Amino acid sequence: GMIPFGQYFCHPSQVFFKSKKCIGLVNLKPVVPGHVMIIPKRKVQKFEDLRPDELDDIFTSAHMMSPIIQQKFEATSMMLAVQDGKDAGQTVHHFHLHLIPRRPDDFLAKKNEDHVRIEMKRDPRSEKQMADEAAMLSVLFPESEKFSAYEDDS
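Small disclaimer: the values here were computed from a predicted structure and weren't measured.

*Asks:* Would you explain the pairing of strand β3 (residues 15-18) in this entry?
*Replies:* Along a regular strand, successive side chains alternate from one face of the sheet to the other. Pairing between β3 and strand β4 (residues 22-26): three bridges, direction antiparallel. Pairing of F17 across the sheet is with G24, part of β4.

What follows is the structure, given as structure tokens:
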């Protein structure tokens, strides 16, 4: 079945990483190449709603994943971002941690206005483009294959 992501549903082909409490999703509208998200399997909207075990798993996963994604996309830095609540720019009603690989010449760096540029209108990618990227990335995380993408069977 589809993966619940706030008020939306994601196709399982968009999942590139799975752990006990969270999954990694490719982004419909990436800000830069390699922009991915980590979400808890349990549907929670706000940072404060996460349980300690979810918090631990999400950030431990991000810590492990970050250098791998950075290297894969030939980035020099990694931006981790959370938009927690409507006034912080959160549009999906499900906590998500953005991992955004950065380079000195990326379009975000052109003017130091990251927030403005992250909010700018971006064209959505096709399901095939997202599935292809997820398949390419999932190879980097073979240990995650033993986990389910769904909350119930974790």
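*Asks:* Explain the packing of aromatic side chains to me, please; I cannot follow it from the model alone.
*Replies:* Two measures describe an aromatic ring pair: the distance that separates the ring centres and the angle between the ring planes. Applying the stated rule across the entire model yields three aromatic pairs. Ring geometry for F17 and F141: centres 5.6 Å apart, planes at 80 degrees, overall edge-to-face. Here the residue F17 occupies a position in strand β3, and F141 occupies one in the segment after α3 (127-138), the gap between them amounting to 124 residues. The pair F17 / F141 is uniform in exposure class, with both members buried. Feature note: the residues F16, F17 and F141 constitute an aromatic cluster, connected by ring pairs.

*Asks:* When you look at the sheet that holds β3 in this model, what are you seeing that I'm missing?
*Replies:* Read from one edge to the other, the open sheet built from five strands follows the order β3-β4-β5-β7-β6, with strand pairing classed as antiparallel. Both outer strands of the open sheet, β3 and β6 (77-81), are each paired with one neighbouring strand and no more. Sheet twist, expressed as the mean angle between neighbouring strand axes with direction ignored, is 25 degrees.

*Asks:* Hey, could you run me through the pattern of salt bridges in this one?
*Replies:* Side chains carrying opposite charge are able to pair once their charged atoms draw close together. Counted under the stated rule, the structure contains nine salt bridges. The salt bridge involving R125 is made with E133; its shortest N-O contact spans 3.0 Å. Take R125 and E133: they sit in the same class, and that class is buried.

*Asks:* I would appreciate a short explanation of the nonpolar core in the present structure.
*Replies:* Generally speaking, nonpolar side chains in soluble globular proteins are found buried as a group. F16, I38, I58, M65, I69, L97 and L99 are the most contacted members of the largest nonpolar core, which has 21 residues in total. Taken together, the elements giving at least two residues each to this core come down to β3, β4, β5 (36-40), α1 (52-72), β7 (97-102) and α3. It is α1 that contributes the most residues to this core, four residues altogether. Ignoring any residue separated from it by four or fewer positions in sequence, one finds I58 in contact with C22, I38, P40, L50, F95 and L97. Of all hydrophobic cores here, the second largest spans 10 residues; its members include F5, I23, I39 and V92.

*Asks:* Which parts of the structure should I look at to understand a nonpolar patch on the surface?
*Replies:* On the surface, a cluster of nonpolar side chains totalling about 240 Å² of accessible area is made up of F47, L55 and F59. Structurally, L55 is set in helix α1.

*Asks:* Please explain α3 as it appears in this structure.
*Replies:* Helix length check: α3, at 12 residues, gives a terminal C-alpha distance of 16 Å against a target of 16 Å (1.5 Å per residue), a fit within 8%. Turning to α3, its buried residues are M130, E133, A134 and L137. Projected onto a plane normal to the axis of α3, the buried residues spread over an arc of 100 degrees and lie on a single side. Residues of α3 that are buried make contact with β3, β4, β5 and α1.

Basis of the calculations
- Residues numbered from 1 in each chain as written.
- Predicted model: local features only at pLDDT ≥ 70, side-chain atom pairs only at ≥ 80, totals over all residues.
- Heavy atoms only, no water.
- Pairing = 2+ DSSP bridges.
- Helix = DSSP H or I, 4+ residues; strand = E, 2+ residues; numbered from the N terminus.
- Phe/Tyr/Trp six-rings, centres within 6.5 Å; stacked < 30°, edge-to-face > 60°.
- Buried < 20%, exposed > 50% of the residue type's maximum accessible area, 1.4 Å probe, protein only.
- Axes fitted to C-alpha atoms, helices over the stretch in contact; angles between N-to-C directions.
- Salt bridge = Lys/Arg side-chain N within 4 Å of Asp/Glu carboxyl O.
- Core = buried A, V, L, I, M, F, W, Y, C linked by side-chain atoms within 4.5 Å.
- Contact = heavy atoms within 4.5 Å.
- Patch = residues over 30% accessible without salt bridge, like charges linked within 9 Å, V, L, I, M, F, W, Y side chains within 5 Å.
- Areas by Shrake-Rupley, 256 points an atom, 1.4 Å probe, with all protein chains shown as cover.
- Expected span 1.5 Å × (residues − 1).
- Arc of directions from axis to C-beta.

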